[in-house]
Amino acid sequence: MGGEVLFLVAVGSQDGIKILGLFEDLCEGHYHIAEMVARHVLLEMCKPVALCALHLEVQGQTSALEQVLEEHDFKEEDFGLFQLAGQKCIEEGHIDQLLEIFQNEKNKVIIKTMGWNLVGPVVRCLLRNDKENENDKRKNYFLVLDLLVKLCNPKELLLGLLELIEEPSGKQISQIILLLLQPLQTGNNLVCILVIQKLPNNKAYSVGLALSTLWSQLSLLPVPYSKEQIQTDDYGLCQCCKALIEFSKPFVEEAINDKGNKESENKKLKDELLKFCFKSLKYPLLTAHFLEQSEEAGSDPLRCFASEIIGFLSAIGYPFPKVIFNHGRKKRLWHYLEFEEEEDKQLAESMASLAYLVFVQGIKIDQLPMVLSPSYILQFNMGHTEVFLQRTEESVLSKGLELLESGLFRIEDNSLHYQYLEIKSFLTVPQSLVKVMTFCPVEPLRKKGLAMLQLYINKLDSQGKYTLFRCLLSTSNHSGVEAFVIQNIKNQIDMSFKKTPNKWFTGPQLISLLDLVLFLPEGAETDLLQNSDRIMAALNLLRYLIIKDNENNQTGFWTELGKIENNFLKPLHTGLNMSKAHYEAEIKNRQENNQVVQKSKDLCSVTVGREEIANMPPEMQLKVLHSALFTFDLIQSVLARVEELIAIKTKSTSEENVGIK
């Protein structure tokens, strides 16, 4: 018995443990069957044996009595021995012999009972590259997998398959998913589908478990962003999305057609499919990049995946108009308790993704009722836009801006009623746009955010613009944004002069707004460099008012001139003098110490506008300080012009009054 054990199995019976071994004679290349009974080892020449056949020794003689064992005859330790022996046989490449054993009808019981333990080793061998597995052997591995799927206990087999899916990481995730979601060698059914269809009950739970496991693993893969990444599909996500759709289709059809299922089971199946659809809308579709809607759109795998998911929703009774327009209402749409409890928290991003796919990408948009007004659609999409703009990823922010743009373009200028600002999202979205404009590191998105804020302002009516301006001036805390708002205020005043006077940008309403514009937050001690954009915009507005409203005090600001001088002009004068003196002294100090610094070649820091610029060479420090001084000179020149215009106006007014007397 000098050969190597190829297959070893322990089977139980009422008489105790019977150990079967299959040995290979290294000299002659023959197979032997060895059995230990009552501590005696019996050998005889044989072909590959039926694993459940027992050779019994009776009074020192061997008889070929075969005893077929049932599932209850096996003990716990038998499973471990079977798995170890089978795994060794698979790993050493003896798949042909293993296939013959599996194909033997007499071995059905033992394979059904223990075979699911070998799914892992078989799948791992299939995942090796083709150079390690010749085509014939690879075919036999698939045949063994087919037999395991057909013969094994479906519940245990499904758990084994899902454990396999959870094991890998990186690029191996897609490899194993594509392997297990491909058709079997002997039919068109996918491996996992066939296993689930064999389950006698709780099919909906098993479908949900399988979809959840597959989705969880796919969510670990990076979503391709560029056209090149989509085409190369290095991590296999696009292929997996296509395979996942094929896996889901039979269960969607089953949920639609009932196929004899109980009503409660059918409802559970639809709930599991609904959860899967909303998970898919969140990943990968929330961050997915779609190709341009041209000839390439039909070959875009992620776009096709999105279309199928929206189609699934409609098929199981949740068409997207019903889903979108009922989201957030007091009357819940969902029959599934988990959705009712977690709707706002968990589904917001999925809903936003769905809105983007329909209204921007145009997927299934033909299902949308044509009677809906542009303002009605904008109202529902503002909440979804807010969800997008709360994220920081470039692709997600871009989608939020596109969704907002698609809604605003349908609205006529100056037609969006101010009462819409009573809806939370109509105020939070412009505030989110401000964050994009000021904090987003991607310049095109910052510019797009600015353009969208201007477009949004253009669509509001006068009272809406007025309300939004007050809100942004109070909340933005950014000099550049405040300057942008002040410029828009100036534009509205100018329109009021040229057309019919607008009560929101003349008289008491305007004066109330100017109180937020023509003042220094900390008086003379305000950081003028940090607030330079805002101060310059305010001075330009004031200069415009002095020049334009020089006859009948239409705007009413002349009445408030004394308050403006005390709260804005005089503190600004004082602040400029203090700031210029400070920076001139700093420049002089740097110049005097310049030679010492150059000799030591030390790098030091300078603080400008409350921001410390570390490790700056001395010559660069001087440039920064001179730049700050230039800003103060610019502010001072505009301030001088404003004071000059005020003096001219007040002088002419005084002379007119004297003439009247």
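Residues numbered from 1 in each chain as written. Predicted model: local features only at pLDDT ≥ 70, side-chain atom pairs only at ≥ 80, totals over all residues. Heavy atoms only, no water.

Trainee: Explain empty space enclosed by the protein here, please?
Mentor: Once rolled over the atoms, a probe with the size of a water molecule shows which space is left empty. In this structure the tally under the stated criterion is two cavities of 30 Å³ or more. Its volume calculated, the second largest cavity comes out at about 30 Å³. Surrounding the second largest cavity, Trp 215, Leu 218, Cys 241, Leu 244, Ser 280, Tyr 283, Pro 284 and Phe 305 form its lining. Where the lining of the second largest cavity is concerned, the elements lending two or more residues are helix H9 (203-218) and helix H11 (237-257). Considering only residue class, the lining of the second largest cavity consists of seven nonpolar, one polar and no charged. (1 Å grid on protein atoms, 1.4 Å probe; cavity = no way out; pocket = protein on both sides within 12 Å on 5 of 7 lines; lining within 4 Å. Points joined across faces, edges and corners; volume = space filled by probe spheres on them. Helix = DSSP H or I, 4+ residues; strand = E, 2+ residues; numbered from the N terminus. Nonpolar A, V, L, I, M, F, W, Y, C, P; charged D, E, K, R; others polar.)

Trainee: Even after reading the chapter, I still don't get the packing of aromatic side chains, so can you show me in this structure?
Mentor: Two numbers describe a pair of aromatic rings. These are the distance of the centres and the angle of the planes. As enumerated under the stated definition, the model contains twelve aromatic pairs in all. Both rings, one in Trp 215 and one in Tyr 283, keep their centres 6.4 Å apart while their planes meet at 85°; by these two values the pair is edge-to-face. Of this pair, Trp 215 sits in helix H9 while Tyr 283 sits in the loop between helix H12 (263-282) and helix H13 (301-315); the two residues are 68 residues apart in sequence, bridging distant segments of the chain. This pair shows no difference in class: Trp 215 is buried, exactly as Tyr 283 is. The interplanar angle of 65° and the centroid separation of 6.3 Å between the aromatic rings of Phe 497 and Tyr 544 together place this pair among those described as edge-to-face. Taken as a pair, Phe 497 in helix H22 (residues 479-498) and Tyr 544 in helix H24 (residues 532-548) lie far apart in primary sequence, 47 residues in all. Put simply, the rings of Tyr 466, Phe 469, Trp 504 and Phe 505 pair up and form one aromatic cluster. The ring centre of Tyr 544 lies 4.9 Å from the NZ or CZ of Lys 490, which sits over that ring. For Lys 649, the ring lying beneath its charged end belongs to Trp 558, and the centroid distance is 5.6 Å. (Phe/Tyr/Trp six-rings, centres within 6.5 Å; stacked < 30°, edge-to-face > 60°. Buried < 20%, exposed > 50% of the residue type's maximum accessible area, 1.4 Å probe, protein only. Lys NZ or Arg CZ within 6 Å of the ring centre and 35° of its normal.)

Trainee: Would you mind going over the pattern of salt bridges with me for this structure?
Mentor: Pairs can form between side chains of opposite charge once their charged atoms are near each other. A full pass over the atoms with the stated rule returns 18 salt bridges. When the shortest N-O distance is used, the salt bridge between Lys 267 and Asp 271 registers 3.5 Å. With Lys 267 and Asp 271 both in helix H12 and four residues apart, the pair spans about one turn of that helix. On the basis of relative accessibility, which here comes to 42%, the residue Lys 267 falls in the partly exposed class. Between Lys 448 and Glu 405 there is a salt bridge, with its nearest N and O atoms 3.3 Å apart. Pair noted here: Lys 448 is in helix H20 (residues 443-459) and Glu 405 is in helix H18 (residues 394-408), with a separation of 43 residues, a long-range link. In this structure Lys 448 comes out as partly exposed when scored by relative accessible area, which is 24%. (Salt bridge = Lys/Arg side-chain N within 4 Å of Asp/Glu carboxyl O.)

Remember, this is a structural readout, not a statement about activity or role.
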